[in-house]
Amino acid sequence: MQMGRPKLQTGIKAIEEEPQECGGIAKRGALACMVNSEVGAVLAVMRRNARWAGRYMAGDDQLEHSLVQSLKNLRRQIFSWQQPWHMIDPSIYLKPFMDVIRSDETGAPITGVALSAVYKILTLEVFDLKTVHVDEAMHSIVDAVTSCRFEVTDPASEEVVLMKILQVLLACMKSKTSVVLNNQDVCTIVNTCFRVVHQAGTKSELLQRVARHTMHELVRAIFAHLPELDHAEAVAAANGSDMPSVKSKVHVDGLPKEHRIDGRQFDNGSADSDSANISVPGAFASQVDYSDDKTTGTKSSTKELSNDVQILIEPYGVPCMVEIFHFLCSLLNIVETMGIAARSNPLAFDEDVPFFALGLINSAIELGGQSIGQHPKLLALIQDELFRNLMQFGLSSSPLILSMVCSIVLNLYHHLRTKLKLQLEAFFSCVIIRLAQSKYGASYQQQEVAMEALVDFCRQPTFMPEMYANLDCDITCANIFEELGNLLSRSAFPVNCPLSAMHILALDGLIAVIHSMADRVTAASPLPEPVPVKEIEEYAPFWTINCESYEDANHWVEFVRRKKYIKRRLMIGADHFNRDAKKGLEFLQGTHLLPEKLDHQSVACFFRYTAGLDKNLVGDFLGNHDEFCVKVLHEFAKTFDFQDMNLDTALRLFLETFRLPGEAQKIQRVLEAFSERYYEQSSGILADKDAAFLLSYSLIMLNTDQHNVQVKKKMTEEDFIRNNRHINAGKDLPRDYLAELYHAIVKNEIRTIYEQSLFPEMNPSRWIDLIRKSQKTPPYIVCDSRPFLDHDMFAIISGPTIAAISVVFDHAEDEDVFHTCVDGFLAVAKMSACHHLEDVLDDLVVSLCKFTTLLNPAASVEEPLLAFGDDTKARMATVTVFTIANRFGDYIRTGWRNILDCILRLHKLGLLPARVASDAAEDPDLANDSMHGKPLSGTPSISHIPVVGTPRRSSGLMGRFSQLLSLDTDEPRSQPTEQQLAAHQRTVQTIQKCHIDSIFTESKFLQAESLLQLARALIWAAGRPQKGSSSPEDEDTAVFCLELLIAITLNNRDRIMLLWQGVYEHIAGIVQSTVMPCALVEKAVFGLLRICQRLLPYKENLADELLRSLQLILKLDARVADAYCEHITQEVMRLVKANAGHIKSPMGWRTVSSLLSITARHPEASECGFEALSFIMSDGAHLTQANYVLCLDATRAFAESRVGLADRSLRALDLMTESVKCLIRWSKSVSVDWKTVGDSREDTSKSSQEIGEMWLRLAHGLRKVCLEQREEVRNYALLSLQRCLSAADAICLTPSVWLQCFDQVIFTMLDDLLEIAQGHSPKEYRNMEGTLHHAMKFLSKIFLQFLDQLFTLPNFRKLWLGVLSRMEKYMKAKLRGKGSDKLQELIPELLKNMLLILKAQGVLMQRSTLGGDSLWELTWLHVKGISPSLQAELFPDLEPEAETEPKSDDYSSAAETVGSEVATADSGQNGVNAKKLESEERGGS
């Protein structure tokens, strides 16, 4: 039956839309017509009955029945009314219908039509709030309908009338005029409707459903009015107006007791009687009489009404709602209050009535919402009576009832959770957690309903944070959040059974919690890592800590975290206490939760407020005779509130906290402490604490007597009363009081042994204690969308969550479940990253990698290819792993190893993109690098480095795919099937979604610690290099890992110091352990060179480290170095050309020059090496004082090298010769600096000395090349040396340098050349005579060019004699057994020229004829050995005198003396310098 307003409503709208000028008349006429039609309908039905069709005989006149007459009178009057319709009293046109409804003479059809007429008048709004006396009209309708009487002719018509009664009453409540109904009217309506519901139990199914539906609609309509009342009061308060309110009365009394709804009064009316009477119950018989004549009465009677009656006649509001809600709660106890036999109702009675009542209560809460919390009486009903019944029915075996209970609690949480903190804790601990676990004996249906309810709660964004903040962080409450999280994770585990809907449901709840956390993180700003809670530094009573403000997050967040820390420490202390009581207390003292010197109050509070304590140990401690223990016992008793509590209830509550000891003395001490506390708070029945003690002891004895199976003869009530005579200060206690205690113990045992469970069953004593605590508990903390506590919460449930999702993912086969699990994995990863929980993220990665199947061993390489393409789970897991790596890589630590294992597996299968190891494509030449293989176009593959002497393996997915189809290459390959192609396509798409290359190309954005772990993982995955051969697969893996390591190194040039040590050590290990050419060492060497090439321009502070690393190349095994020498040289040349300006230090240049020097002896590499050297030295572009000597040595190596044509040696000599220009430039710069900048003489002298040493080093280098076996190189070197020395004019050389130059360079070269000419065959050294010829010319020219500077030397005499000595040796030299004509011809001429110049400059002259001049005499001694006639030719005026000529013995003695002087000088300073130069040369080479 459809309840509500019919389509006739549109007729009213049509009437209201008539033209304005005749609107009033037209509306009145239309409404009159409607009423008239209803009168006609009632009369028509009445005329069908013979009783109403005839006339009554009253004397001689025939009179109509009063009901018919009143209807006809209304018909006559209705069209004659002239006043506006809203000025017409509705009672006038309603009274005839009301009379019909009230009459017990009318049959069901007539009553039904009259009810339909009233329903029409209500729904079409024939009268409204503006109509006069509308309140009396509404009251008369309610009164008439609830007092409806009619004759029952048949069951069907009776049901029709009952349904119309329900229809009219519902219309009354839904009408806009319902606001004028008073509290009594509303209660009467609800009571009447419930009667119909009750009576419908024996009627048809249709009436039952209509009646129940109407009851629901009534409750919704009534409680929907509650928010409107609050809003109206708020508006009135804001406007400052006085509004009549009975709120203060409602809070205390509700409705008067005699006018309350009584659900037990169901016996009025019967279907078997001749008439049905749905009347107000006897409780309402004394209600105020609203008769017709009351409309004209005075208001004085109203003023005389009592306060109770005044509440009844007020417009309905909170008072009736309190009574209705109380009535609905009482329905939950209907089974106990009624003895009703089995009915025809298809639903079982024990399920039907509670379910119906719970549905009504749910409707009331849904519509009342938060407004219920504004009214203490309503709130008190919910907090105590309703929730107590919910706890009871929550354990019902009926899934229907359990489901409805959970719905009610969810609504209560949504609207009133701030008022129901402890009630919610009790519900979850005693109902949800118990039912959702099979170990407590719940059926599968109960478990499923409980789990569904829990998941609904988990989907509330603030539920879990609020449970954690309010309960888990409260030392007196259970860890509900933690237990719910563990429950969900355990319930998701399929243990020895296939995956079921229950497992998926639990997983949904778990993931909902994680998603809520992730959403809060997304909405919040970047989260700093929470500061750990500080340890307790000094003792403070932990049970007294309070929060400054429970509304300000700046206060309560720190407070609850502190409380949680204390709670954890207390639980640890409890665990220690359970093992050893003394050590447990000492532990708590050490953590400052108990004072250093124990006091009885702190220990008592520890026992009272700490969960998990062994109740046996607590009982033994409290019952101990020790004085301290006795004080603790009495303090323990003082923590209880026994105010207004029955003795048995208080005793139960007290004994639940510990196990009562078995010894009589201990029992006595415990009961004495209890009795003392109970007497302090008792209501006055007990005279003293001794009476309380005796009666308590008696209750313990009675409990043992009644509930011990070994006691056969049970104590009777009389026995109990007799045993307790004269205990109340010599008087008897009231008999009723003792009888009540007796029956309470008999019915409900006082358990002295309670289950050691965190979630025991709720019993009356616990509930009373809960209600008491709820009045003192701290305010409920309301959480918002900010993730204040998510870090701590996630740390608790992350482990179980990952395990649960992993197990479900492992067992699942449905793709939807896969997606659910993946969403959960990603949410966990997000939370781990946002809250910096790296260990959790690593665990997640490890778990996920197992599902990729990439780590599973396979019989062959080809086997996993198609399997991977066909395995949805493996593909989704793979995508998830790499999604996490890309999104949250900053917080991955050890998990990189597992990720790399997967990458390596994909690499071995040929499934990776070709450029996965590239460094973000920053190097444009990378694609054309000869070291990288070219991948197959259009398919994913991995580039491989060509291995010397080793054929390349085929790579790429298509290559593997083809091998899979045909392993025998001699046979024609078959075409792949559609399934294989589809699998291949899926694999390709999966790898593309992974974006594996981004892990390395975007590594520049990784946090430092994560980047370092990634590099270490790559080094770990590559394995330790070993000498000797390794398997191709191991080598391929090592090469690939090295590629990736180099890639991330190049991508992180700004953080190279973080990685460099590990990278260098890894490459060094490869280089030093490799004895044969292979791809790994090739990649190591060229990777190292590439790193240097790329990083030198950006990292000047690291240039020395980078260049020093290149010394590893010098340590290569000879075979390895020979194999890659050309490529190495090419890379070094590139490095030099690109970064010569960035190489500053001598060490760096020493490394570069050493690498280039080596190439001089290599046929293929020498050209590139010389090109690099030429780039450095040409025009002195990149020559510096730091690299000058090193480059000279390297160039000399090329000049001396016989690899290649001699032309390159000549060019090398040119480079050496041209370098003297740099020395000249530097020398001039030094002098300029001294003059302009004002450098100190010491600095200038030092710089000049360094330049002189470099020049001398250049001369030494050329001197060595002058000894070259090849004639053209030898002669060109001699010429180059001459040019070099000739250019020394522009260099500020010290005298000592010139002396070193002659002694160590020129004289040494002349001596060596002569030795070679005399000691080697002409075949070895061709045309040495010509070289000696050039050497003599060289000597003469250089000596004469720098004579002015040489003459000033202190040792000029020795120098000049050395020149003469060499010329004399050359003059007398025997080449091939005979003298050299060319030399004998050349030397006298050169000597003559030299002597002439010496004479002209006044260097050579006879100073004195007396005593002899050593220079003059020694010169002519040597000259005579060369050309005896020169003296006479050059000095004709000088006559030789016999006495002045020395004797031959004297000549020999003088010569020996001069020779010893020269030798001594050579072995002194000059010898030291020679040794220094030689050592430098050895070091450079």
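Note that the structure is predicted; figures quoted are calculated from it, not measured.

Colleague: Report on the overall build of the chain, specifying residues and quantitative values.
Modeller: Scanning the chain from terminus to terminus reveals 66 helices and 6 strands. The 1485 residues of the chain split such that 53% are buried. Sequence separation of 24 or more characterises 76% of the internal contacts of the chain that already satisfy a separation of 6 or more. Surface summary for the chain: the accessible area is close to 66,700 Å², and the carbon and sulfur share equals 50%.

Colleague: So, unusual backbone geometry: which residues are in play, and what are the values?
Modeller: Excluding glycine, a negative phi dihedral is what most residues carry, and trans is how most peptide bonds are arranged. For Glu125, which is not glycine, the phi dihedral falls at a positive 55 degrees. Checked against the element boundaries, Glu125 lands in the loop between α6 (108-123) and α7 (134-146). Within the chain, His133 stands out as a residue other than glycine whose phi angle is a positive 55 degrees.

Colleague: An account of the nonpolar core is requested, with residue identities and associated values reported.
Modeller: Grouped together as the largest cluster of nonpolar side chains are 402 residues, with contacts concentrated most on Tyr93, Phe97, Phe325, Trp1255, Phe1343 and Trp1360. A per-element tally of this core places helix α59 (residues 1295-1319) first, with 13 residues. In this structure, Phe97 is in contact with Val35, Glu38, Val39, Val42, Leu71, Leu74, Ala114, Ala117, Val118 and Ile121, ignoring residues within four places of it in sequence.

Colleague: Can you break down the packing of aromatic side chains residue by residue, with the values?
Modeller: A full pass over the atoms with the stated rule returns 46 aromatic pairs. Where Phe457 meets Phe463, the ring centres are 5.2 Å apart and the plane angle is 45 degrees; that geometry is what we call tilted. Across this residue pair, the class does not change: Phe457 and Phe463 are buried. Summarising the aromatic geometry, the rings of Phe809 and Phe818 are spaced 5.5 Å apart at their centres and angled 65 degrees between planes, so their arrangement reads as edge-to-face. The buried category is assigned to Phe809, whose relative accessible area is 0%. One aromatic cluster is present, built from ring pairs that chain together Phe636, Phe640, Phe642, Phe654, Phe658, Phe674 and Tyr678. Its guanidinium or amino end placed over the ring of Tyr413, Arg417 lies 4.8 Å from that ring's centre, counting from NZ or CZ.

Colleague: Before we move on, could you go through the confidence of the model for the chain and cite the residues and values that matter?
Modeller: Segments scoring low in pLDDT should not have their predicted coordinates read at a detailed level. This prediction gives the chain a mean pLDDT of 81; 81% of its residues lie at or above 70. This model gives residues 241-254 a pLDDT under 50, and the stretch forms 25 contacts once residues within four places in sequence are excluded. The low-confidence segment residues 335-349, where pLDDT is below 50, has 19 contacts with residues more than four positions distant or belonging to other chains.

Colleague: An account of the packing of helix α40 (residues 872-888) against helix α41 (residues 895-908) is needed here, citing residue identities and associated values.
Modeller: It is the contact of α40 with α41, at a shortest axis distance of 11 Å, that shows an interaxial angle of 125 degrees. Put simply, α40 runs oblique to α41. Note on packing geometry: the crossing formed by α40 with α41 is left-handed. In this structure, α40 contributes Val881, Phe882 and Ala885 to the contact, and α41 contributes Trp896, Ile899, Cys902, Ile903 and Leu906. Split by residue class, the contact of α40 with α41 holds 8 nonpolar, no polar and no charged.

Colleague: Break down helix α43 (residues 978-994) for me, with residues and values.
Modeller: Compared with the 24 Å implied by 1.5 Å per residue over 17 residues, the 24 Å span of α43 between its first and last C-alpha is a close match. After α43 finishes, the residue His995 shows a positive phi value of roughly 50 degrees.

Colleague: Kindly report on the environment of Ser403, identifying the contributing residues and their values.
Modeller: Its location among the elements puts Ser403 in helix α19 (residues 399-416). Considered as a pair, Ser403 and Phe355 are 48 residues apart in the sequence and their alpha carbons are 9.6 Å apart.

Colleague: Run through the environment of Phe654, naming residues and quoting values.
Modeller: The residue Phe654 is located in helix α30 (residues 647-655) in this model. According to the relative accessible area criterion, Phe654 is buried, its value standing at 0%. Separated by 13 residues in sequence, Phe654 and Asp641 place their C-alpha atoms 9.9 Å apart. Look past the residues within four positions of Phe654 in its chain and what remains in contact with it is Phe636, Ala637, Phe640, Phe642, Val670 and Phe674.

Colleague: Report on α41, specifying residues and quantitative values.
Modeller: Taking 1.5 Å as the rise per residue, α41 with 14 residues should run 20 Å; its terminal C-alpha atoms sit 20 Å apart, in good agreement. Of all 14 residues that make up α41, 11 are buried, and the element is covered over most of its length. Residues Gly895, Trp896, Asn898, Ile899, Leu900, Cys902, Ile903, Leu904, Arg905, Leu906 and His907 constitute the buried set of α41. Following α41 by one or two positions, Gly910 adopts a phi angle in the positive range, close to 75 degrees.

Colleague: Explain the side chain of Ser429 to me, using residue names and the numbers behind them.
Modeller: Topologically, Ser429 is positioned in helix α20 (residues 421-435). Accessibility expressed as a relative area gives 8% for Ser429, which makes it buried. Engagement of the side chain of Ser429 in a polar contact is seen with the backbone oxygen of Glu425, the distance being 2.8 Å. At 3.2 Å, the side chain of Ser429 and the backbone oxygen of Ala426 are in polar contact.

Colleague: Please give an account of the pattern of salt bridges that cites residues and values.
Modeller: A side chain of one charge can pair with a side chain of the opposite charge if their charged atoms are brought near each other. One pass over the full model with this rule turns up 48 salt bridges. Between Glu663 and Lys666 there is a salt bridge, with the nearest N and O atoms lying 4.0 Å from each other. If you follow the salt bridges from partner to partner, you end up with Asp1214, Glu1218, Lys1221 and Arg1283 in one network.

Colleague: Explain the state of the cysteines to me, using residue names and the numbers behind them.
Modeller: Taken as a whole and judged by the stated rule, the model has 0 disulfides. Residue Cys1191 stays outside any disulfide, its sulfur separated by 9.8 Å from that of Cys1222, the closest cysteine.

Colleague: Mind laying out the side chain of Ser1109, listing which residues take part and the relevant values?
Modeller: Tracing the chain through its elements places Ser1109 in helix α49 (residues 1103-1109). Other than its neighbours up to four places away in sequence, Ser1109 contacts Trp1060, Tyr1064, Leu1088 and Cys1092.

Rules of the game
Residues numbered from 1 in each chain as written. Predicted model: local features only at pLDDT ≥ 70, side-chain atom pairs only at ≥ 80, totals over all residues. Heavy atoms only, no water. Helix = DSSP H or I, 4+ residues; strand = E, 2+ residues; numbered from the N terminus. Buried < 20%, exposed > 50% of the residue type's maximum accessible area, 1.4 Å probe, protein only. Contact = heavy atoms within 4.5 Å. Areas by Shrake-Rupley, 256 points an atom, 1.4 Å probe, with all protein chains shown as cover. Core = buried A, V, L, I, M, F, W, Y, C linked by side-chain atoms within 4.5 Å. Phe/Tyr/Trp six-rings, centres within 6.5 Å; stacked < 30°, edge-to-face > 60°. Lys NZ or Arg CZ within 6 Å of the ring centre and 35° of its normal. pLDDT = per-residue confidence, 0-100. Axes fitted to C-alpha atoms, helices over the stretch in contact; angles between N-to-C directions. Parallel < 35°, antiparallel > 145°, perpendicular 65-115°, else oblique. Left-handed = near helix turned anticlockwise from the far one by under 90°. Nonpolar A, V, L, I, M, F, W, Y, C, P; charged D, E, K, R; others polar. Expected span 1.5 Å × (residues − 1). Polar contact = N/O pair within 3.5 Å; in protein donor to acceptor, adjacent residues only side chain to side chain. Salt bridge = Lys/Arg side-chain N within 4 Å of Asp/Glu carboxyl O. Disulfide = S-S within 2.5 Å.

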